[in-house]
Amino acid sequence: MALVILGLLIATPAFAGDDASSCAEGITMIRDALATDPPEVAVPKLKKALRNAEREQREGEFEECLDAVADARKALGR
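Asker: Account for the environment of leucine 46, naming residues and giving values.
Answerer: On the secondary structure map, leucine 46 appears in helix α2 (residues 43–59). Discounting chain neighbours no more than four positions away, the residues touching leucine 46 are Ile30, Ala33, Leu34, Pro38, Ala72, Ala75 and Leu76.

Spelled out as structure tokens, the structure:
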């Protein structure tokens, strides 16, 4: 049991790093989508997702950042 807990504690920073990287990539994706003239219906959703993702990135809440990125992908139909 102790080995399982130790393994999880060691792996947690790696997962956080993956989420941080995915968050940054997602923010870049949203910015690129806004720069390429997306459908007018998607623009407010993309702007809101970008604002939320950037805020969550600053706060270190990468899971919530990824939720905002997922909202942007949904708005783009991806």
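Asker: So what's going on with the state of the cysteines? Residues and values would help.
Answerer: With the rule as written, the count across this model stands at one disulfide. Linked covalently through their sulfurs, cysteine 23 and cysteine 65 form a disulfide whose S-S length is 2.0 Å. The S-S bond linking cysteine 23 to cysteine 65 shows a torsion near 85°; that makes this disulfide right-handed. With cysteine 23 in helix α1 (residues 2–35) and cysteine 65 in helix α3 (residues 62–76), this pair connects stretches of sequence that are 42 residues apart. Both residues of the pair, cysteine 23 and cysteine 65, count as buried.

Asker: How would you sum up the nonpolar core? Please name residues and give values.
Answerer: Taken as a class, soluble globular proteins show a tendency for nonpolar side chains to be buried jointly. By size, the foremost hydrophobic cluster in this structure holds 14 residues, and its most contacted members are Ile27, Ile30, Leu46, Ala53, Cys65, Val69 and Ala72. Counting residues per element, this core draws most heavily on α1, which supplies five residues. Ignoring sequence-local partners within four residues, the contact set of cysteine 65 consists of Cys23, Ile27, Ala53, Glu56 and Gln57.

Calculation notes
Residues numbered from 1 in each chain as written. Predicted model: local features only at pLDDT ≥ 70, side-chain atom pairs only at ≥ 80, totals over all residues. Heavy atoms only, no water. Helix = DSSP H or I, 4+ residues; strand = E, 2+ residues; numbered from the N terminus. Contact = heavy atoms within 4.5 Å. Disulfide = S-S within 2.5 Å. Buried < 20%, exposed > 50% of the residue type's maximum accessible area, 1.4 Å probe, protein only. Core = buried A, V, L, I, M, F, W, Y, C linked by side-chain atoms within 4.5 Å.

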